[in-house]
Amino acid sequence: MLQVMNTRSKPRTMPSSDGQRANNHGASRSTRKRVAVNSAAPIVVPTEPSAKRRQVNNAQTPLRKTVQDLSTQVEKLTDIILNMQNPNTSQPASTSAAQDITEASPSTEQGVVEGHIHQLFGFSVPSGYARGRAGAMGGPSNITTRSTSDNLRLLLDSALAPSTKATYRRAWNLVHEFYSQVLQGVVKLPMSSYHTALFVSYLNLRKLSAATILTYVSAIGYVHRLSVYPDPTNTFLVQKSIKAVQRLSSGCDARMPITWDILQRLLVAAKHISHNHFEFLFLKAAFLVLFFGFFRIGELMYDSHKKNVVVDIMQLSKTRDGFVIAITHFKHNITRRPFLVHLLRRDDPKLCPVVALTNYLCIRGKQPGPLFLDQLQQSFPKAQFCSRLKSCIQFCNLDPNLYKSHSFRIGACSLASEQNFPESTIRIMGRWKSNAFKKYIRPPQLVMEQCRKRVL
């Protein structure tokens, strides 16, 4: 290889005269000519590069190595992403590095999530995909102690309210039923957006309400996000399917409010349909507490399916003006901070919640437990209460399809609005987190129209 002489390697000597410069010039030209003609001629050149060129070469060597390493890592990560997007396809040979990355994440981390999902919904999630995704998403590299893992299980279990857990279980039971009946198969995660949209259509054909369908779809998204799978519920197809269901549904709440007049008639009906004096005092106290306390039925009556927490007698305290109930378990109260519900004394003793509750407590006794007990000293079942309420409504010649247990809360909200209570006060009294209470306000014209239809 021909090396070019570095003219800076030797000091220059200035020629003494013009002739000398000419001779030197001619000599250099003849020398270059000989080199071009006969490359084998011996040439005296420095074999070691200059200091500046050494610095450039030394700087480029690690840079080239870094670029090659980055290129290799990009190829590996690309293979990992492609395999995660298509988990059913066979893995190419280049995925050995992806397996190394997957195995780097401990099984303990995903064991916690898998155990939580299995305990909550009764099925297992493939761990390999989830571990790879967790590592790619920058999850914790290691769980150092067993106590940390146990605490994570506790946190995941406490992330959902008991009622939400029950609702999500019902949703996944329907998912398994949908896969078995419609797709003739079993559930495999991740669900595709097309299968999720078909599930929305399946629920719509079963005449479920738009709000229920949205809740059940949320259960699908919860499991996918928790398992670090792509969430199919956020896709355009599924969102448009839900929007169509909402648009095609009636969108109106058919439940009617229990007005002041209807409340008085229900109290009269309770005396006629009750089997004994205990049941009459119970129904009268329950009707008035539900109405004046803006209570939801699940806050006072026990549901064996939902395993809800009801108001305890220890949460009841007597004041000069009536009673105060410090309720802790109610909708949206994640912190379990007590909310004080005031039941004030009224002039008319027949419609006074304080008098009715006092009479019931005298026959109930002071034994600890839920506020409303049956004659066997057990928490009064919600189903039995709704059955007795239906009998009272039918006794008043009202439609039981329009008047439910929630009609007490709707009626209290409508009455407060009719008496010009500020919206902020109504929201606080009903423990609403937003302006959702506005959909419960029924104008008097609507109530009168329903009464007119009933008479006709």
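Every chain is numbered independently, its residues counted from 1 as its sequence is written. Two thresholds apply to this predicted model, a pLDDT of at least 70 for residue-level local features and 80 or more for giving and counting side-chain atom pairs, whereas whole-chain, interface and lining totals are computed over all residues. Note: side-chain values were computed over all heavy atoms of the structure, leaving out hydrogens and water.

**Side note on the overall build of the chain**
Counting its regular elements, the chain contains 17 helices and three strands. Accessible area is worked out with a 1.4 Å probe on protein chains only. A residue is then buried under 20% of its type maximum, exposed over 50%, and partly exposed in between. For the chain, the residues scored as buried account for 36% of the 456 residues in total. Using a 1.4 Å probe, accessible areas were evaluated by the Shrake-Rupley method; residue-level cover was limited to the displayed protein chains. Surface exposure of the chain reaches about 27,900 Å², of which carbon and sulfur atoms provide 55%. Per the convention used, a helix needs a DSSP run of H or I reaching at least four residues, while a strand needs a run of E reaching at least two, with both numbered from the N terminus.

**Examining the packing of aromatic side chains**
When the centres of two rings from Phe, Tyr and Trp lie within 6.5 Å, Trp using its six-membered ring, the rings pair. Their planes under 30 degrees apart give stacked, over 60 give edge-to-face, and anything left gives tilted. A complete count under the given rule lists 20 aromatic pairs for this structure. Seen in terms of ring centroids, Phe178 and Tyr179 are 5.6 Å apart; in terms of plane orientation they differ by 85 degrees. Their pairing is edge-to-face. Judged by its relative accessible area of 1%, Phe178 falls in the buried class. Plain terms: the ring middles of Phe178 and Tyr202 are 5.4 Å apart, the flat faces sit at 50 degrees to each other, and that makes the pair tilted. With Phe178 in helix α7 (residues 162-181) and Tyr202 in helix α8 (residues 193-205), this pair connects stretches of sequence that are 24 residues apart. Among the aromatic residues, those joined into a cluster by ring pairs are Phe278, Phe282, Phe287, Tyr360, Phe372, Phe380, Phe385 and Phe408. Between the NZ or CZ atom of Arg431 and the centre of the ring of Phe295, over which it lies, the distance is 5.2 Å. Geometrically, a lysine NZ or arginine CZ counts as sitting over a ring once it is within 6 Å of the ring centre and also within 35 degrees of the ring normal. Positioned above the aromatic ring of Phe330, the side-chain terminus of Arg431 is 5.7 Å from the ring centre.

**Observations regarding the packing of helix α11 (residues 260-273) against helix α14 (residues 382-395)**
Relative orientation and spacing of two packed helices are given, respectively, by the angle between their axes and the distance between those axes. Their axes nearest at 9 Å, the elements α11 and α14 cross at an angle of 110 degrees. Judged by the angle between their axes, α11 and α14 are roughly perpendicular. Regarding α11 and α14, the two cross each other, and that crossing is right-handed. Residues Leu266, Ala269, Ala270, His272 and Ile273 of α11 form the contact with α14, whose participating residues are Arg388, Ser391, Cys392, Ile393 and Phe395. Across the contact of α11 with α14, the residue classes tally to seven nonpolar, two polar and one charged. Only the stretch in contact is used when fitting a helix axis, every axis being a line fitted to C-alpha atoms; angles between N-to-C directions are given from 0 to 180 degrees. Angle categories are assigned with fixed cut-offs, so that under 35 degrees is roughly parallel, over 145 is roughly antiparallel, 65 to 115 is roughly perpendicular, and the rest are oblique. The sense of a crossing depends on the near helix, which, turned anticlockwise from the far helix by less than a right angle, makes the crossing left-handed and, turned clockwise, makes it right-handed. Any pair of residues with heavy atoms lying within 4.5 Å of one another is described as a contacting pair. Following the grouping adopted for this structure description, the nonpolar residues are Ala, Val, Leu, Ile, Met, Phe, Trp, Tyr, Cys and Pro, the charged ones are Asp, Glu, Lys and Arg, and the polar ones are all others, Gly among them.

**What to know about the nonpolar core**
Counting 54 residues, the largest nonpolar core has Phe287, Leu357, Phe372 and Phe385 as its most contacted members. Of all the elements in the fold, those that place two or more residues in this core are α11, α12 (277-292), β2 (322-327), β3 (339-344), α13 (353-364) and α14. With 12 residues, α12 is the single largest residue contributor to this core. Filtering out sequence-adjacent residues up to four positions away, Phe372 remains in contact with Phe282, Ala285, Ala286, Val289, Leu300, Met301, Leu357, Tyr360, Gln378, Ser379 and Phe380. Within this scheme, the nonpolar core is defined by two criteria: the residues are buried Ala, Val, Leu, Ile, Met, Phe, Trp, Tyr or Cys, and they are joined through side-chain atoms within 4.5 Å. Leu120, Tyr168, Val175 and Ile242 belong to the second largest nonpolar core, which has 34 residues in total.

**Thoughts on the packing of α7 against α8**
For the pair α7 and α8, the least separation of the axes is 11 Å and the interaxial angle reads 100 degrees. It follows from the interaxial angle that α7 and α8 lie roughly perpendicular. Within the contact between the two elements, α7 uses Ala171, Leu174, Val175, Glu177, Phe178, Tyr179 and Gln181 and α8 uses His195, Leu198, Phe199, Tyr202 and Leu203. Of the residues that constitute the contact of α7 with α8, the class distribution is nine nonpolar, two polar and one charged.

**Some points on α13**
Expected span, for any helix, means 1.5 Å times one less than how many residues it has. In a regular helix each residue adds 1.5 Å, so 12 residues correspond to 16 Å; α13 covers 16 Å between its end C-alpha atoms and thus fits that length. Burial in α13 covers these residues: Pro353, Val354, Ala356, Leu357, Tyr360, Leu361 and Arg364. Within α13, the buried residues cover an arc of 160 degrees as seen down the axis, which keeps them to one side. Those residues of α13 that are buried lie in contact with α12, β1 (316-318), β2 and β3. Backbone geometry just after α13 places Gly365 at a positive phi near 100 degrees. The arc in question is traced by the directions running from the helix axis to the C-beta atoms.

**Section: the confidence of the model for the chain**
Residue-level confidence of the predictor is summarised by pLDDT, bounded by 0 at the bottom and 100 at the top. Within the chain, residue pLDDT values average 77, and 66% of them lie at 70 or more. In this model residues 87-108 is a low-confidence stretch, pLDDT under 50, and it forms 21 contacts with partners more than four residues away in sequence or in other chains.

**Digging into the sheet that holds β2**
We treat two strands as partners when DSSP finds at least two bridges between them. Judged by pairing direction, the sheet is antiparallel, and its three strands sit side by side in the order β1-β2-β3 without closing on themselves. Two strands close off the open sheet at either side, each with one partner strand: β1 and β3. Going from strand to strand, the sheet's axes swing by 25 degrees on average, the running direction of each strand aside. In terms of strand pairing, β1 meets β2 through three bridges, oriented antiparallel. The residue bridging Lys318 from the neighbouring strand is Phe323, located in β2.

**Here's the deal with α12**
Relative to the 22 Å expected for 16 residues at 1.5 Å per residue, α12 spans 23 Å between its end C-alpha atoms, a close match to the ideal helical length. Here a polar contact is recorded for every N or O atom pair within 3.5 Å, except that within protein the pair must consist of a potential hydrogen donor and a potential acceptor, and residues adjacent in sequence are included only if both atoms are side-chain atoms. Its side-chain oxygen placed 3.2 Å from the backbone nitrogen of Phe278, Asn276 serves as the N-cap of α12. One or two residues past the end of α12 sits Phe294, with phi positive at roughly 55 degrees.

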